[in-house]
Amino acid sequence: MTQTSENVTWLTQEAYNKLKAELEYLTGPARAEISAKIAAAREEGDLRENGGYHAAKEEQGKQELRVRQLTQLLESAKVGEAPAADGAVAPGMVVTIAFDGDEDDTLTFLLASREYASSDVETYSPQSPLGTGVIGHKVGEDAEYELPNGKKAAVKILKAEPYEG
C-alpha cells in the first residue's frame, strides 16, 4: 500500500518510542488488569445491576479504542528529525500567525498530530485547513486557507520555531 503525505505522521524517535511503549503496555499488562477487573465484577452476580462490571467494560472499550488509534498512528508514522529552525512552517513547529495581516489579531499554535497536544499551546493538525494553508510558508510570507463556509482566510506568518515540548 502506498502512502500519501496526507496520511503520514512524522514523529521524532523519542515520540515514536513513547507511543510504542504505551501501545505495548495497553496490549500487555493493561489488558490483563482490565480482564481481571471484569472477571472479579462478573463474580459479584447479576450483571444487569452491576456498576463495577459496566464501568470495567466501558474502560475496556476506551482502552481498545486507544490501542487501535496507536496501532494506526504507528503504522503510518515516519521517524525523522525535529524540523529545522529555518523559519519555514513544518509539522513540529510552533507557529504564530496574524489574521488578515493584523498583528493585534494573532494565534500561536503547535502544528502537529494530536499525540503531541500540549496544555501549553493549542495544537492544529497538519491536515487541518489552517495547517495545509501554512505548511511550507516562511516567516514574513502571506498564506491562505479555506474556511468551513468555503471562503478563504488570509494570514501572515509571524514566527515558526521548533517545538521544545
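Preceding block: the structure.
Reference entry: report on the structure contained in this document.

**Digging into the pattern of salt bridges**
And then number 1: Taken as a whole and assessed by the stated rule, the structure comprises 5 salt bridges.
And then number 2: For Glu22, the salt bridge identified is with Arg66, shortest N-O distance 2.9 Å. With Glu22 in helix α1 (residues 13-27) and Arg66 in helix α3 (residues 51-76), the pair connects residues that are 44 residues apart, well separated along the chain.
And then number 3: Residue Glu22 is classed as partly exposed on the basis of its relative accessible area of 29%.
And then number 4: Between Lys37 and Glu59 there is a salt bridge, with its nearest N and O atoms 3.2 Å apart. With Lys37 in helix α2 (residues 29-42) and Glu59 in helix α3, this pair connects stretches of sequence that are 22 residues apart.
And then number 5: Taking the relative accessible area as the measure of exposure, Glu59 reaches 34% and is therefore partly exposed.

**Focus on the packing of aromatic side chains**
And then number 1: Applying the stated rule across the entire model yields 1 aromatic pair.
And then number 2: The interplanar angle of 65° and the centroid separation of 5.0 Å between the aromatic rings of Phe109 and Tyr124 together place this pair among those described as edge-to-face. Of the two residues, Phe109 is situated in strand β4 (residues 106-111) and Tyr124 in strand β5 (residues 122-124); the sequence distance between them amounts to 15 residues.
And then number 3: The class of Phe109 is buried, set by a relative accessible area of 0%.

**Side note on the environment of Ser125**
And then number 1: Positionally, Ser125 belongs in the loop between β5 and α4 (129-134).
And then number 2: With relative accessibility at 27%, the residue Ser125 sits in the partly exposed group.
And then number 3: Residues Ser125 and Leu110, spaced 15 residues apart in sequence, show a C-alpha to C-alpha distance of 8.3 Å.
And then number 4: A distance of 2.8 Å separates a polar atom in the side chain of Ser125 from a polar atom in the side chain of Gln127.

**Structural notes on the sheet that holds strand β3 (residues 93-99)**
Two modes of strand pairing occur in sheets, parallel and antiparallel, and in both the strands are linked by backbone hydrogen bonds.
And then number 1: Across the sheet, which stays open at both edges, the 5 strands sit in the order β5-β4-β3-β7-β6 with mixed pairing between neighbours. In this open sheet, the two edge strands, each paired with only one partner strand, are β5 and β6 (142-146). Along the sheet, successive strands turn relative to each other by an average axial angle of 45°, direction set aside.
And then number 2: Pairing of β3 with strand β7 (residues 152-162) involves 7 bridges; the strand directions are antiparallel. Its bridge partner being in β7, Met93 is matched across the sheet by Pro162.

**So, the packing of α2 against α3**
Angle between the axes and distance between the axes: these two values describe a pair of packed helices.
And then number 1: Following both chains from N to C, one finds α2 and α3 inclined at 160°, their axes separated by 8 Å at the closest point. One way to sum up the angle between α2 and α3 is to call them roughly antiparallel. The hand of the α2/α3 crossing is left-handed. Facing Ala30, Arg31, Ile34, Lys37, Ile38, Ala41 and Arg42 of α2, the residues of α3 in contact are Gly52, Tyr53, Ala56, Lys57, Glu59, Gln60, Gln63, Glu64 and Val67.
And then number 2: Partitioned by chemical class, the residues of the contact of α2 with α3 number 7 nonpolar, 3 polar and 6 charged.

Reading guide: rules and limits
- Residues numbered from 1 in each chain as written.
- Predicted model: local features only at pLDDT ≥ 70, side-chain atom pairs only at ≥ 80, totals over all residues.
- Heavy atoms only, no water.
- Salt bridge = Lys/Arg side-chain N within 4 Å of Asp/Glu carboxyl O.
- Helix = DSSP H or I, 4+ residues; strand = E, 2+ residues; numbered from the N terminus.
- Buried < 20%, exposed > 50% of the residue type's maximum accessible area, 1.4 Å probe, protein only.
- Phe/Tyr/Trp six-rings, centres within 6.5 Å; stacked < 30°, edge-to-face > 60°.
- Polar contact = N/O pair within 3.5 Å; in protein donor to acceptor, adjacent residues only side chain to side chain.
- Pairing = 2+ DSSP bridges.
- Axes fitted to C-alpha atoms, helices over the stretch in contact; angles between N-to-C directions.
- Parallel < 35°, antiparallel > 145°, perpendicular 65-115°, else oblique.
- Left-handed = near helix turned anticlockwise from the far one by under 90°.
- Contact = heavy atoms within 4.5 Å.
- Nonpolar A, V, L, I, M, F, W, Y, C, P; charged D, E, K, R; others polar.

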